[in-house]
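Next come the chains, spelled out residue by residue.
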Amino acid sequence: APVLSNPQVNGKPYGTRIISEKIEGNIYSVKLEGIPEKTEKLTLFTNKNIKKITGGILISPSGEAKIIEVKFPKSDKNYVIADIEIEL
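Caption draft 1: The sheet that holds strand β6 (residues 65–71), seen in detail. Reading across the sheet, the three strands line up as β3-β6-β5 and stay open at both edges, with antiparallel pairing between neighbours. Each edge of the open sheet carries a strand with a single partner, namely β3 (39–45) and β5 (57–60). Across the sheet, the mean angle separating the axes of adjacent strands is 35° when strand polarity is ignored. Bridge analysis of β5 against β6 gives three bridges, and the strand direction is antiparallel. By the bridge assignment, Ile57 is partnered in β6 with Glu69.

Spelled out as structure tokens, the structure:
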């Protein structure tokens, strides 16, 4: 039987992916790439409370797994960038 890989080697990207992330002081910044106008969920594991979010909506604030909803902007491109900033 042939070897199958998923995702395929040299295949087109699909879905949402993290382009970059950084933590400076109490600010966590993440740059996501995704499909225009699609809503995705980002899960952040932290025992700290989230004070403020820019670029997303906190939909599950309890426990250590905080779920943030991100809606990618409208575009005629296949993929767009969403910048999220989370103050802890």
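Caption draft 2: Main features of the pairing of β6. Along β6, the buried face is formed by Lys66, Ile68 and Val70; none of Ala65, Ile67, Glu69 and Lys71, which line the opposite face, is buried. Relative to β6, β3 runs antiparallel, the two sharing seven bridges. For Glu40, the partnering residue across the bridge sits in β6 and is Val70. Here β5 folds back onto β6 in antiparallel fashion, the turn holding four residues, of which Gly63 has a positive phi close to 75°.

Calculation rules
- Residues numbered from 1 in each chain as written.
- Predicted model: local features only at pLDDT ≥ 70, side-chain atom pairs only at ≥ 80, totals over all residues.
- Heavy atoms only, no water.
- Pairing = 2+ DSSP bridges.
- Helix = DSSP H or I, 4+ residues; strand = E, 2+ residues; numbered from the N terminus.
- Axes fitted to C-alpha atoms, helices over the stretch in contact; angles between N-to-C directions.
- Buried < 20%, exposed > 50% of the residue type's maximum accessible area, 1.4 Å probe, protein only.

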